[in-house]
Amino acid sequence: AYSQQPTDSRPCMSSPLCSVALKVHGLQGAQNIVALLQSRGARLAFVLDEGMAVLDGVIGGLQGPAAIIAISEKGHASVKLSVTTAPGHSSMPLGQSSIGILSAAVTRLEQNLMPRMLGLGPERGTFEHLAHKFVFPLKFIMSNLWLFSPLLARVMELKPDGNAFVRTTTAVTMFHSGVKLNIIPPYAEAFVNLRIHSAHSLQGVLEDIHSTVGDERVKMELVHGFDPLPISSYSETAFGYQVIKKTILDTFPQVTVAPGTSSAV
């Protein structure tokens, strides 16, 4: 939405709709649109991207549906891990293979999760806004995250959807090695996809991976990534948030609206 000086042909307020084919790894779409509109004299009130959803029966213990407005987005990192060793024949194995070394590194990453950060990002606002809709004793716990966040984090991390609130998530998505049944491959590579918590950073994630892998034979390479996005205001005076909230309540009057975080694509 943006405002311009009124003329006979231009309204004081309008809402331009823009489409950009940069869904995956496209970090400049909205920025370029904003720059173009500003160059044309537009005064932007806020920029709205795709959002979250109306959740009903998804959050355990929550009574009634909740509409989540994404005020930030988790960061993203794709990291390649690789190992190079001497080739060999399966009849005369040389010891630890490239596959064995890399498999051990990947296992350490899966077994040693990123640090718990529940309550340090926008998810705190999510639970505080929804607290009154939870059943007891969750209502009391959600209203006092300053005290109960460590306990709540240990419970939430037991399920994949809850774990995404708690920390930077780690997922090994690709593993490549070997070309023949009787040949010991000299090279193995794996790709790890991470969604970075708002209280974490891309640099911090890379340092954590290096520390957890703890093997100089494993080469680490950042394929692409970005830090968590800034957190937009959701206060009573935040024009963009309040406009979206009112629109949601006009459309779905039975829901409870709360701020939240979107996962990177």
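The rules we used
Residues numbered from 1 in each chain as written. Predicted model: local features only at pLDDT ≥ 70, side-chain atom pairs only at ≥ 80, totals over all residues. Heavy atoms only, no water. Helix = DSSP H or I, 4+ residues; strand = E, 2+ residues; numbered from the N terminus. Expected span 1.5 Å × (residues − 1). Buried < 20%, exposed > 50% of the residue type's maximum accessible area, 1.4 Å probe, protein only. Pairing = 2+ DSSP bridges. Contact = heavy atoms within 4.5 Å. Axes fitted to C-alpha atoms, helices over the stretch in contact; angles between N-to-C directions. Phe/Tyr/Trp six-rings, centres within 6.5 Å; stacked < 30°, edge-to-face > 60°.

Let us look at helix α7 (residues 202–213). Compared with an ideal rise of 1.5 Å per residue, which puts 12 residues at 16 Å, α7 spans 17 Å between its outermost C-alpha atoms and is within 8% of the ideal. Of all the residues in α7, the buried ones are L202, G204, V205, L206, I209 and V213. Trailing α7 by a residue or two, G214 shows a phi angle of about 55 degrees, which is positive.

Taking strand neighbours across the sheet as the criterion, the three strands line up as β4-β5-β12 in an open arrangement whose pairing is mixed. The outermost strands of the open sheet, each flanked by one partner alone, are β4 (54–55) and β12 (256–262). One ladder, built from two bridges, connects β4 with strand β5 (residues 66–73); its direction is antiparallel. Directly across from V54, in β5, lies its bridge partner A67. On top of the sheet, helix α3 (residues 123–130) reaches β5 and β12; it is set at about 165 degrees to β12, its chief contact.

Here the focus is the sheet that holds strand β10 (residues 187–196). Strands in a sheet are paired, the pairing made by backbone hydrogen bonds, and the direction either parallel or antiparallel. Across the sheet, four strands lie side by side as β8-β10-β6-β11; this open sheet has antiparallel pairing. Of all the strands in the sheet, the pair left with one neighbour each is β8 (169–177) and β11 (219–226). Strand-to-strand twist of the sheet, defined as the mean angle between neighbouring strand axes without regard to direction, takes the value 20 degrees. Together, β6 (75–84), β10 and β11 form the strand contacts of α7, whose direction differs from that of β11 by roughly 155 degrees.

Take the packing of aromatic side chains next. Applying the stated criterion to the full structure yields four aromatic pairs. Ring geometry for F127 and F165: centres 5.5 Å apart, planes at 45 degrees, overall tilted. Linking F127 in helix α3 with F165 in helix α6 (residues 160–166), this pair joins segments that are 38 residues apart in sequence. Overall, the relative accessible area of 3% leaves F127 in the buried class. Accessibility expressed as a relative area gives 32% for F165, which makes it partly exposed.

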